[in-house]
Amino acid sequence: MKFPNSQRQRLNAIAVIIAALFAVMMFLAEAWLGASVSGPDDPGAGNLLARRWGFSLAASFAVALALLYFRQRDLLVRIFLLLSTVGLAFIFDPRAFQHAVPQGIWIPFILALALTSLPWALLVLVASIAVLFAAYPLAYSPPFTFSTSLIIGSLLVLDRIVKHNLMSDLMEANRNLLDSKSSLHESEQRYRQLSEQSPIPMVVFSPEGYVLRVNKAWEKLWGTTFEKARRYNVFEDPQVIQAGIPPLLQRILAGEKVDLPILGYDFSRNPNARLYQGKCWIRAVAYAVFDEQGKALEVVVLQEDITERVKAEDQIRHLAYFDPLTQLANRRLLMDRLEHAMASSARTQRFGALLMLDLDHFKALNDTQGHDIGDQLLIEVARRLSAVVREGDTVSRLGGDEYVVVLEELSNDEELAATQAERVAEKVHEAIRQPYRLKHDTMEYRCSTSVGVVLYRGKDLSPDALLKQADIALYQAKASGRNAIRFYNPEMQAAIDARMMVEQALNGALERDEFELHYQPQVNRSGTLIGAEALLRWRSETLGNVPPNRFIPLLEDNWQILQVGQWVLETACRQLAEWANDPATAGLQVAVNVSARQFQHRDFVDQVKEALKTHGVEPSRLKLELTESVVLNDVDLIVGKMRQIDALGVCFSMDDFGTGYSSLSYLKRLPLEQLKIDRSFVRDIATDPNDAAIIRAILALSESLDIHTVAEGVETEAQFEFLLANGCQAFQGWLFGKPVSSEEFTAYVRQGALALGA
């Protein structure tokens, strides 16, 4: 039978109470027995009663106390005490011993000596002697013998129960303790084995920072052994101190699991380390191990080699912010650094500068030698640019052959800052102008660059606006003939803005029917009307009447000239068809301007055929005016197309003759019917001898080649007289009529208003 601790405590208290109750009962019983035997008048009876009560009470309490406080056993001593007790009883009163044995008075003593501990046996011996003295006068008294035996026996049985529970609990607790110790030992062994075999590097150190143990993965990572590491104190490592790890120890010892700062270590000098190639990045997490009282025993640090992850992140970051070909800053990083530079300029009130440049004629090298050679040039240019700027400046590649340089901390005086920026631009110019060795050092190449420069101070403009201004300055440098340096000009900005407005308005203008043709009369030497030139006009819904020199170049640049040029050809043929039905206009010839891109289009010959066929126009009534730029590229192809169209009956006129790259060789090859003298020569013929000489030469050349001539821009009688005197055959200009709509032109012709001087 087993009792819990609370029940065991109550049981011990009950034993004391029982002992006291039995002592009282014994006292009453003995008093009654004494009175019945001796009588109330016997004085010896009272003394006997007192002795009986005192010794019985002492014996009872001795038994109870022994039951409560003594638990050890010693079998040899118990046997000795048993024999000693029996022997003493026989010596003191053989007669009482003789009578006591048969009555069973010694049975409780024998049981006590057999079942209890050494201290308990000593007390029982004393109690036995006391009982013998008390029982001597009543040695023949069975009641006393019975009561004493009953008291002692009952207490011994109760002690045995309590003793059994205590011993069972003690043995069970001992077994549990042994099992716990065994399990703890096995757990520690498994933990150590797992830690030792774990692929995660682990180091355990004391709260003072000294290494207690490490695993094999840690030794492999660091290229050392525990014997060497145990002398190491982690809190004395300069890199650990600099990273601010020691202050984190308080959080770790407080029970917090702490992610330590990522540290980089150089293993290049340690051939035993796992990463012999160079720097290794270590991530670690630390936590403390505590005992039952909450005291920190050790700190466990689990480490992770994140070198590959760090390298991958660095590579991703590099790709995000750097040009993969030249390793220069890309547009994203440029914008970030430019914003910081402008913020710094706002604080210091010092100027900075933005240089934008590209390589002149780079496309030709790329197309003829291949992209690999072009890439070699771009890489070398990047190297030279980085070499000529200061360390704090930024060199960036926006794409293609376009680079940007950000200069910071120039003077706070604008003029001086401009001088400093120009000096850097000249260095860039000179560095790029040096010869390049390309194609595995077998090819020497020289190139130049155009540079646009803009100054900035503060954050009045956004980085995008600043780049736009630099781009405009670069455009100015290119427009000036390339290989030049130009600063941003606000007037150019206004021109660019106006150009953008025109470009936006041009989108959809043809669909909105905003274009129309005006016709300017052409007359012969007698002033008779022989035809007209069809001139394109644009009446924009948003911009109103836009001059031709503002929108026609944009049509060329945006390739919209193909659609608009086709519309002009169709409209002119439609007008010729209408005039053919009117006797006043039936003999007129219409000249249509054709751009180089339109003429070079592969379907242009078919478009001319279709327009003539659709509107039923006599081909000889249509004249196509070409500029000299048309025949600059692939003369054979151009001549072939012209001959196909000439075979249809359509004639050609060379427009703006003398202003381009005139060549006598192609004049004799081209099927030209007419040369048109540009208005720039006609304007000053009366005052400029050079212009007069040029016109005489053109007229003489055309006569020798049997080609007719027409002079445009004739506005005065003096001009007309000079041209007439030198053999010019046809004339066009405000002297004979300004460009008007087809309705007005037709009405004037019918009224005879289109005449000399009209």
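The written sequence of each chain sets the order in which its residues are numbered from 1. Two thresholds apply to this predicted model, a pLDDT of at least 70 for residue-level local features and 80 or more for giving and counting side-chain atom pairs, whereas whole-chain, interface and lining totals are computed over all residues. Only hydrogens and water are removed before side-chain values are computed, so all heavy atoms of the structure are retained for them.

Novice: I would appreciate a short explanation of helix 20 (residues 561-580) in the present structure.
Specialist: Working note: α-helix, 3.6 residues per turn, so residues spaced by three or four point in the same direction. The end-to-end C-alpha distance of helix 20, which contains 20 residues, comes to 28 Å, matching closely the 28 Å that a straight helix rising 1.5 Å per residue would cover. Along helix 20, 15 of the 20 residues are buried, which leaves the element largely enclosed by surrounding structure. The helix and strand labels rest on DSSP assignments: H or I over at least four residues marks a helix, E over at least two residues marks a strand, and numbering proceeds from the N terminus. A helix is expected to reach a length of 1.5 Å times the quantity of its residues less one. When a residue's accessible area, from a 1.4 Å probe over protein chains only, is under 20% of the maximum for its type it is buried; when over 50% it is exposed; and in between it is partly exposed.

Novice: Explanation requested: unusual backbone geometry in the structure shown.
Specialist: Keep in mind that most residues, glycine aside, have a negative phi and that most peptide bonds are trans. Phi is positive for His361, which is not a glycine, with a value near 60 degrees. Considering the arrangement of structural elements, one finds His361 in the loop between strand 6 (352-359) and helix 14 (362-369). Accessibility expressed as a relative area gives 54% for His361, which makes it exposed.

Novice: Honestly, the nonpolar core in this entry has me stumped. Any pointers?
Specialist: Nonpolar side chains in soluble globular proteins tend to end up buried together. The nonpolar core is taken to be a set of buried Ala, Val, Leu, Ile, Met, Phe, Trp, Tyr and Cys residues, with the residues joined through side-chain atoms within 4.5 Å. Ranked by internal contacts, the top residues of the largest apolar core, which has 78 residues, are Phe599 and Leu624. At 10 residues, the largest contribution of residues to this core is made by helix 20. In this view, Leu624 contacts Leu569, Val592, Val594, Phe604, Val608, Ile645, Val650, Cys651, Phe652 and Ser653; residues no more than four positions away in its chain are not counted. Phe351, Phe362, Leu378 and Val453 belong to the second largest nonpolar core, which has 36 residues in total. Contacts are assigned to residue pairs that have any heavy atoms within 4.5 Å of one another.

Novice: How do you make sense of the layout of surface pockets when you look at a structure like this?
Specialist: Quantified by volume, the largest pocket comes out at close to 1000 Å³. A pocket here means an open set of points on a 1 Å grid, computed over the protein atoms alone, that has protein on both sides within 12 Å along at least five of seven lines. A cavity is instead a set of points where a 1.4 Å probe fits but cannot get out; residues with an atom within 4 Å of a point line either one. Contributing to the lining of the largest pocket are 38 residues, with Glu533, Leu535, Pro548, Ile552 and Asn593 lying nearest its centre. For the lining of the largest pocket, the elements supplying multiple residues, two or more each, are strand 13 (515-524), strand 14 (529-540), helix 19 (548-557), helix 20, strand 16 (589-593), helix 21 (596-600) and strand 18 (651-657). Grid points are joined across faces, edges and corners, and a volume is the space filled by probe spheres set on the points.

Novice: I keep staring at the side chain of Asp691 and nothing clicks. Help me out?
Specialist: With respect to the helices, strands and loops of the structure, Asp691 is situated in helix 26 (residues 689-704). His is not counted here, nor are the chain ends, while Lys and Arg score as positive and Asp and Glu score as negative. By definition here, a salt bridge exists when the distance from a side-chain nitrogen of Lys or Arg to a carboxyl oxygen of Asp or Glu is within 4 Å. Buried charge without a salt bridge: Asp691, with Arg683 as the nearest opposite-charge side chain at an N-O distance of 6.5 Å. Those residues within four positions of Asp691 in sequence are excluded, and the remaining contacts are Ser680, Phe681, Asp684 and Ile685.

Novice: Is there a simple way to think about helix 26 in this case?
Specialist: Given a rise of 1.5 Å per residue, 16 residues ought to cover 22 Å, and the 23 Å separating the end C-alpha atoms of helix 26 matches this to within 8%. Those residues of helix 26 lying buried are Asp691, Ala692, Ile695, Ile698, Leu699 and Ser702. For helix 26, the angular spread of buried residues about the axis comes to 125 degrees, placing them on one side. Facing away from the buried side of helix 26, by more than 90 degrees, are the exposed residues Pro689, Asn690 and Ser704. Those residues of helix 26 that are buried lie in contact with strand 18, strand 19 (674-677), helix 25 (679-682), strand 20 (708-712) and helix 27 (717-725). Directions from the helix axis toward the C-beta atoms define the arc.

Novice: Could you clarify how one ought to interpret the side chain of Arg384 in this entry?
Specialist: With respect to the element layout, Arg384 can be found in helix 15 (residues 371-388). On the basis of relative accessible area, Arg384 is assigned to the buried category, the value being 12%. As used in this structure description, the phrase polar contact means that two N or O atoms lie within 3.5 Å; if the pair is within protein, one of them must be able to donate a hydrogen and the other to accept it, and residues adjacent in sequence are counted only when both atoms belong to side chains. A polar side-chain atom of Arg384 sits 2.9 Å from the main-chain carbonyl oxygen of Pro435. Of the polar contacts made by the side chain of Arg384, one reaches the side chain of Tyr436; its length is 3.4 Å. When residues no more than four places from it in sequence are discounted, the contact partners of Arg384 are Ala431, Ile432, Gln434, Pro435 and Tyr436.

Novice: Explanation requested: the packing of aromatic side chains in the structure shown.
Specialist: By convention here, two paired aromatic rings are described through the distance between centres and the angle between planes. The rule is short: rings of Phe, Tyr and Trp, with Trp giving its six-membered ring, pair when the centres are within 6.5 Å, and they are stacked under 30 degrees, edge-to-face over 60, tilted in between. If you walk through the whole model with that rule in mind, you get 12 aromatic pairs. Ring geometry for Phe515 against Trp567: centres 6.5 Å apart, planes inclined by 50 degrees, an arrangement best described as tilted. Highlighted residues: Phe515 in strand 13 and Trp567 in helix 20, separated in sequence by 52 residues. Judged by its relative accessible area of 5%, Phe515 is buried. With relative accessibility at 23%, the residue Trp567 sits in the partly exposed group.

Novice: Whenever I open this one, the sheet that holds strand 12 (residues 485-487) confuses me. Can you help?
Specialist: Either a parallel or an antiparallel arrangement is found when strands of a sheet pair, and the pairing is made through backbone hydrogen bonds. Reading across the sheet, the five strands line up as 7-8-6-11-12 and stay open at both edges, with mixed pairing between neighbours. Each end of this open sheet is capped by a strand with a single partner; those strands are strand 7 (394-399) and strand 12. Direction aside, neighbouring strands of the sheet carry axes that sit 20 degrees apart on average. Of the strands in this sheet, strand 6, strand 8 (402-407), strand 11 (449-456) and strand 12 touch helix 16 (residues 414-433), which is tilted by about 160 degrees from strand 11. Those strands touched by helix 17 (residues 463-479) are strand 6, strand 8, strand 11 and strand 12, and its axis lies near 140 degrees from that of strand 11. In this analysis, strands are considered paired if DSSP registers two or more bridges between them. In this analysis, axes come from line fits to C-alpha atoms, helices being fitted only over the stretch in contact, and the angle between any two N-to-C directions falls in the range 0 to 180 degrees.

Novice: Help me understand the packing of helix 20 against helix 22 (residues 604-615), please; the structure alone is not making it clear to me.
Specialist: The axes of two packed helices give the description: the angle between them and the distance between them. At their nearest, the axes of helix 20 and helix 22 sit 9 Å apart, and the two run at 30 degrees to each other. What the angle tells us is that helix 20 and helix 22 run roughly parallel. Here helix 20 runs over helix 22; the crossing is right-handed. Contacts between helix 20 and helix 22 involve Gln566, Leu569, Glu570, Cys573, Arg574 and Ala577 on the former and, on the latter, Gln607, Val608, Ala611, Leu612 and His615. Grouping the amino acids of the contact of helix 20 with helix 22 by side-chain chemistry returns six nonpolar, three polar and two charged. Put simply, angles under 35 degrees are roughly parallel, angles over 145 are roughly antiparallel, angles from 65 to 115 are roughly perpendicular, and the rest are oblique. Throughout, a crossing is termed right-handed when the near helix is turned clockwise from the far one, and left-handed when it is turned anticlockwise from it by less than a right angle. Residue polarity is assigned by list, with Asp, Glu, Lys and Arg as charged and Ala, Val, Leu, Ile, Met, Phe, Trp, Tyr, Cys and Pro as nonpolar; anything else, Gly included, falls into the polar class.

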